[in-house]
Amino acid sequence: MNCCFCNGAMKEEIIDRHEENLLGVPVVLVRTVVRAVCQSCGEDMLSIPDTSGLIANIAVLRCLLSLKLSSAELKFMRKALEMTGREFAALMETTPETVSRWENNSQGVGGYVEKILRQKVCRLLKDQAPGVDYAPEMILDMKIVEDRNRSGEASIPLVFEQVKFRRCGATHAERIWDVAPSKAA
Amino acid sequence: MAERSIGIQDVQYVLKRCPVTEVQPHYGGERWITRGRDADGRELEIVVVTEEDKIRIIIVTVWSTD
């Protein structure tokens, strides 16, 4: 690969632990992100594989954690579904104004509505997140916990790595995002 | 991108839906400029370089034109 600014040769290395903030949602990527540094101009570039899969995994995993979703995370969920505020409001059978208030932290989402929201996000994205175990009961039986120290920001970083995975009936393995073991965090 | 409050999701949203508005020669290859609105209605302009030997798009820069 050559530098896209000066066409110089680039030196690549895999980063052990890369911290990324996806618009207010912190995530740690273990031994997956490649940093390339141009040997001529010094420009550096990060390469994150399968960003669609990563976003789906983050959304599904976060929906399965009992900590109440922050306003930044609610916005992240909508964007993970690639929906406008109006489309997301239609999905949730509410108004775009209500979605806007959720995302701007001026009106919290009720626990029951949040459970429905989590179910819908998981149902729509679970096929893109085979590395995360999901069953509807996990959310139905969940007690959503409110963290009184949080404002609108997301807090817990989710940790992912890429692993080889072969779907049932498939002849070839593919690389998918998986939750990294806790020692990697 | 983060300092402009533009995330990976916003860039992907535009790249999947919006047309390439300009193609420029770039070191024997091409540099594409695409322009369109993200899920929040912001107009973004994105400069990308494609690679022939790998399925990979390099995002050179992105900014909001609003």
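Model, not experiment: these values are computed from the prediction.

Take the overall build of chain A next. Within chain A, the secondary structure is distributed over 6 helices and 7 strands. Each helix (α) and strand (β) of chain A, taken in turn from the N terminus, gives the series β-β-β-β-β-α-α-α-α-α-α-β-β. With respect to the principal axes defined by its C-alpha atoms, chain A has extents near 55 × 40 × 30 Å. Burial statistics for chain A: of 185 residues in total, 30% are counted as buried. Look at the contacts in chain A between residues 6 or more apart in sequence, and 65% of them connect residues 24 or more apart.

Next up on the list: the overall build of chain B. Across its full length, chain B carries 1 helix and 4 strands. Reading chain B from its N terminus to its C terminus gives the helix and strand order α-β-β-β-β. Computed over its C-alpha atoms, the radius of gyration of chain B comes to 12 Å, within 12% of the 11 Å expected for a compact globule of 66 residues. Counting only C-alpha atoms and orienting by the principal axes, one finds that chain B spans roughly 35 × 20 × 20 Å.

Let us now look at the sheet that holds strand E1 (residues 20-26) of chain B. All names here are of chain B. A sheet is described by the order of its strands in space; here 4 strands give the open sequence E1-E2-E3-E4, paired in antiparallel fashion. Either end of the sheet is taken by a strand with one partner, and the two such strands are E1 and strand E4 (57-64). On average, adjacent strands in this sheet sit at an angle of 20 degrees to one another, irrespective of strand direction. Examined bridge by bridge, E1 and strand E2 (residues 29-37) share 6 bridges and lie antiparallel to one another. Of the residues in E2, the one forming a bridge with valine 20 is threonine 34. Packed onto the sheet, helix H1 (residues 8-17) meets E2, strand E3 (43-50) and E4 and runs at close to 75 degrees relative to E3.

What follows covers the interface of chain B and chain A. The interface of chain B with chain A comprises 12 residues on the first partner and 15 residues on the second. For the side of chain B that touches chain A, the secondary structure elements donating two or more residues are H1 and E4 of chain B. A per-class count over the side of chain B that touches chain A returns 8 nonpolar, 3 polar and 1 charged.

Among the 7 residues that make up E1 of chain B, 0 are buried, leaving the element largely open to the surroundings. Counted between consecutive antiparallel strands, the loop separating E1 of chain B from E2 of chain B contains 2 residues, among which tyrosine 27 of chain B sits at a positive phi close to 45 degrees.

Turning to the confidence of the model for chain B, a few remarks are in order. Averaged over every residue, the pLDDT of chain B is 86; the share at 70 or more is 100%. No element of chain B has a lower mean pLDDT than E4 of chain B, which averages 83, and none a higher one than H1 of chain B, which averages 92.

Thresholds applied
Residues numbered from 1 in each chain as written. Chains lettered and ligands numbered in written order. Predicted model: local features only at pLDDT ≥ 70, side-chain atom pairs only at ≥ 80, totals over all residues. Helix = DSSP H or I, 4+ residues; strand = E, 2+ residues; numbered from the N terminus. Buried ≥ 20, exposed ≤ 12 C-beta atoms within 10 Å, placed from the backbone. Contact = placed C-beta atoms within 7 Å. Rg over C-alpha atoms; globule rule 2.2 N^0.38 Å. Pairing = 2+ DSSP bridges. Axes fitted to C-alpha atoms, helices over the stretch in contact; angles between N-to-C directions. Nonpolar A, V, L, I, M, F, W, Y, C, P; charged D, E, K, R; others polar. pLDDT = per-residue confidence, 0-100.

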